[in-house]
Structure formats: C-alpha cells, structure tokens
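# Coordinates in review
So the chains spell out like this:
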Amino acid sequence: MAYSASCPVCSAQVNLADDVEESEVVTCPDCQTSLVVEQVSPQPSLVEAPQVDEDWGE
Ligand SMILES: [Zn+2]
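As the structure is a computational prediction, the values presented were derived from the model and not from experiment.

## Some remarks on the sheet that holds strand E4 (residues 34-39)
With antiparallel pairing, the three strands of this open sheet are ordered in space as E3-E4-E5. Unpaired on one side and paired on the other, strand E3 (25-27) and strand E5 (45-48) mark the two borders of the sheet. Looking at each pair of strands side by side, their axes are set apart by 45° on average, direction ignored. Bridge analysis of E3 against E4 gives three bridges, and the strand direction is antiparallel. Considered in E4, the bridge of Thr 27 is made with Ser 34.

Laid out in structure tokens, this is it:
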C-alpha cells in the first residue's frame with residue numbers, strides 16, 4: 001500500500017513510495033517544492049527541504 005502526505009507549502013496530496021524512508025527527498029507534483037520526509041509512521045509528514053546550493057546526489 002502506498003503512503004501519501006500533504007504538502008506543507010500548497011497542501012496538495014503527495015504520493016510516497018511504500019518503501020519511503022525518513023529523510024527521503026520528494027518533489028511536490030503541484031508546486032515543485034523539494035520536500036523532506038520528516039517521519040513515516042504513524043502518519044507520514046513532509047517538511048520543506050532546506051535550500052542548498054548543491055545538487056542532491058541520486
Ligand atoms: Zn506543494
């Protein structure tokens with residue numbers, strides 16, 4: 001089953017992989033903001049990613 005959480009910026013529902021992990025970076029499909037998975041359980045939550053000057057390694 002898949003998780004979803006709401007974007008802290010625009011409140012859109014963001015779908016998360018079912019193996020999502022804390023600290024994973026996802027992009028909001030609506031506002032394109034980079035978001036960090038703050039916690040996975042009991043309820044997934046997202047926070048805005050800190051602005052950094054370098055690329056996140058894939
Ligand atoms: Zn958003």
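Now that the structure has been shown, the text picks up again.
## Topic: the coordination of the zinc ion
The zinc ion binds to the protein through Cys 7 (SG), Cys 10 (SG), Cys 28 (SG) and Cys 31 (SG), with metal-donor distances spanning 2.3 Å. One can describe the donor arrangement at the zinc ion as tetrahedral, given that its four donor atoms subtend angles of 105 to 113° at the metal. Read from N- to C-terminus, the donor residues coordinating the zinc ion fall into the pattern C-x2-C-x17-C-x2-C. Of the two residues, Cys 7 is situated in the loop between strand E1 (3-6) and strand E2 (13-16) and Cys 31 in the loop between E3 and E4; the sequence distance between them amounts to 24 residues. Since its relative accessible area comes to 2%, Cys 7 is described here as buried.

## Focus on the pairing of E2
In E2, alternate side chains face the same way, and those of Val 14 and Leu 16 are buried while those of Gln 13 and Asn 15 on the opposite face are not. When E1 meets E2, the two strands line up antiparallel, connected through four bridges. When the bridges of E2 are listed, Ser 4 appears paired with Asn 15. A loop of six residues connects E1 with E2, the two strands running antiparallel in sequence, and Ser 11 in this loop sits at a positive phi of about 70°.

Basis of the calculations
Residues numbered from 1 in each chain as written. Predicted model: local features only at pLDDT ≥ 70, side-chain atom pairs only at ≥ 80, totals over all residues. Heavy atoms only, no water. Pairing = 2+ DSSP bridges. Helix = DSSP H or I, 4+ residues; strand = E, 2+ residues; numbered from the N terminus. Axes fitted to C-alpha atoms, helices over the stretch in contact; angles between N-to-C directions. Donors = N, O, S within 2.8 Å, 3.2 Å for Na, K, Ca; no water. Tetrahedral: all angles 85-135°; square planar, octahedral: opposite > 155°, others 65-115°. Buried < 20%, exposed > 50% of the residue type's maximum accessible area, 1.4 Å probe, protein only.

As far as function goes, none of this settles anything; it's purely spatial.
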